[in-house]
Amino acid sequence: MEKKGILIVVSGFSGSGKGTLMKELLKRYPETYALSISATTRQPREGEQDGREYFFKTKEEFEKMIAKGELIEYARYVQNYYGTPCDYVEKKLAEGRDVILEIEIQGALKVREAFPETVLLFVTPPTAAELKSRLVGRGTETPDVIESRMNRACEEAEGMDRYDYLIVNDDLDECVEEMHRIIQGEHCRSFRNAKFMKEIKEDLERLKGED
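Residues numbered from 1 in each chain as written. Predicted model: local features only at pLDDT ≥ 70, side-chain atom pairs only at ≥ 80, totals over all residues. Heavy atoms only, no water.

(A) Local environment of the layout of surface pockets. Size it by volume and the largest pocket reaches roughly 1,100 Å³. Forming the walls of the largest pocket are 32 residues, and the residues nearest its centre are G19, R45, E48, Y54 and E102. Counting residues per element, the ones that place at least two in the lining of the largest pocket are α1 (18-28), β5 (71-77), β6 (80-85), α5 (128-138) and α6 (143-157). Take the lining of the largest pocket: its biggest share by element is five residues, from α1. Broken down by class, the residue content of the lining of the largest pocket amounts to seven nonpolar, 10 polar and 15 charged. (1 Å grid on protein atoms, 1.4 Å probe; cavity = no way out; pocket = protein on both sides within 12 Å on 5 of 7 lines; lining within 4 Å. Points joined across faces, edges and corners; volume = space filled by probe spheres on them. Helix = DSSP H or I, 4+ residues; strand = E, 2+ residues; numbered from the N terminus. Nonpolar A, V, L, I, M, F, W, Y, C, P; charged D, E, K, R; others polar.)

This is how it looks when you write it as C-alpha cells:
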C-alpha cells in the first residue's frame, strides 16, 4: 500500500522540552520523519547553525518571503518572526516521510486551516512549577524573558483544547515512543486511505462476479 507522508504540528510551552523530544524522535526513526526547519528573525543561541536549527533571516529578508508567498504560515512571537518555508515540506511529504513542524499555537492553527488533515500535538511538562524550573535552568534567559514566556504560556494554555493530542513530557523515553505510536496510528485512519479502500471494494466486486 502506497504510503503518503502526514503533516504533524508540534507545539508546546517554551521550556516544555519539545525541541529535545523532536531531536530524539528523529534520531530513533531517521527514515520515517523529517523535521521542517523554520525561518526566524531571532538571534542564534550558542551552538545553533543556520540551516540546521533555523534559517536565520533579517527582518527585511523575512518580510520579502511573506510578500512572495514562500511560507506556509508565519507569526510574531516575543518580538521576532517565525515561519515555515513551503518547498521543503512539500518535497518530504511527496517522498512518503512524515513531516514535523515545531511551531507555536498561532501558526499551528493557520496550518490546520491550509491543510485540514494535519495532526496537531501539544507538549506540556507535568506541572506549571516544572515549566518555570526548566526555563530558569536553561541559564540563557533573563528574568524579564522568563516572565514574558510564563505570561505567554498562560495565553497558550487557553488553546490546548484545539489540538488533537496532549503529550505530557515527564519521561523523555516514554514520551518519544508515545509520540511515535500516535503518529503511526494516524496512518491507519480511514480518511487517509481512500485510494486503498476504493481499490479493495472494486477487487471484491470483481472477485464476487467470478464465482
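(B) How the structure looks around the packing of α1 against helix α7 (residues 172-186). Running from N to C, α1 and α7 cross one another at 65 degrees; their axes reach a closest spacing of 10 Å. Of the possible angle classes, the one that applies to α1 and α7 is roughly perpendicular. Judged by the sense of rotation from one axis to the other, the crossing of α1 with α7 is right-handed. Judged by residue contacts, T20, L21, M22, E24, L25 and R28 of α1 engage L172, D173, C175, V176, E177, M179, H180 and I183 from α7. Tallied by class, residues from the contact of α1 with α7 come to eight nonpolar, two polar and four charged. (Axes fitted to C-alpha atoms, helices over the stretch in contact; angles between N-to-C directions. Parallel < 35°, antiparallel > 145°, perpendicular 65-115°, else oblique. Left-handed = near helix turned anticlockwise from the far one by under 90°. Contact = heavy atoms within 4.5 Å.)

(C) Summary view of the sheet that holds β6. Spatial strand order, β4-β3-β6-β5: four strands in an open sheet with mixed pairing. The two strands at the open ends of the sheet, each matched to only one other strand, are β4 (54-56) and β5. On average, each strand axis in the sheet is inclined to that of its neighbour by 25 degrees, with strand direction left out of account. When strand β3 (residues 38-40) meets β6, the two strands line up antiparallel, connected through two bridges. Bridge pairing in β6 links A39 to G83. Taken strand by strand, helix α2 (residues 59-67) contacts β3, β4, β5 and β6, and its axis lies near 45 degrees from that of β6. Each of β5 and β6 touches helix α3 (residues 86-94); the most contacted strand, β6, lies at about 35 degrees to it. (Pairing = 2+ DSSP bridges.)

(D) Local environment of α3. Inspection of α3 places C86, V89, K92 and L93 among the buried residues, and these make up the whole buried set. One face of α3 carries all of its buried residues, which in axial projection span an arc of 150 degrees. With respect to the buried face of α3, the exposed residues turned more than 90 degrees away are D87 and A94. Close packing links the buried residues of α3 with β1 (7-12), β2 (33-35), β5, β6 and β7 (98-102). One or two positions beyond α3, positive phi appears at G96, with a value near 90 degrees. (Buried < 20%, exposed > 50% of the residue type's maximum accessible area, 1.4 Å probe, protein only. Arc of directions from axis to C-beta.)

(E) Seen up close, the pairing of strand β8 (residues 119-124). Most of β8 sits out of view: six of its six residues are buried. Residues of β8 alternate between two faces, with V119, L121 and V123 on one and L120, F122 and T124 on the opposite face, all of them buried. Bridging between β1 and β8 involves five bridges; their strand directions are parallel. By the bridge assignment for β8, I8 is matched with V119. Sheet topology note: the β8/strand β9 (residues 165-168) ladder contains four bridges and is parallel. By the bridge assignment, T124 is partnered in β9 with V168.

(F) Region of interest: the side chain of E156. Counting through the fold element by element, E156 comes out in helix α6. Using a relative accessible area of 4% as the deciding quantity, one classes E156 as buried. With sequence-adjacent residues up to four places away left out, E156 is seen in contact with G12, F13, Y77, E104 and I105.

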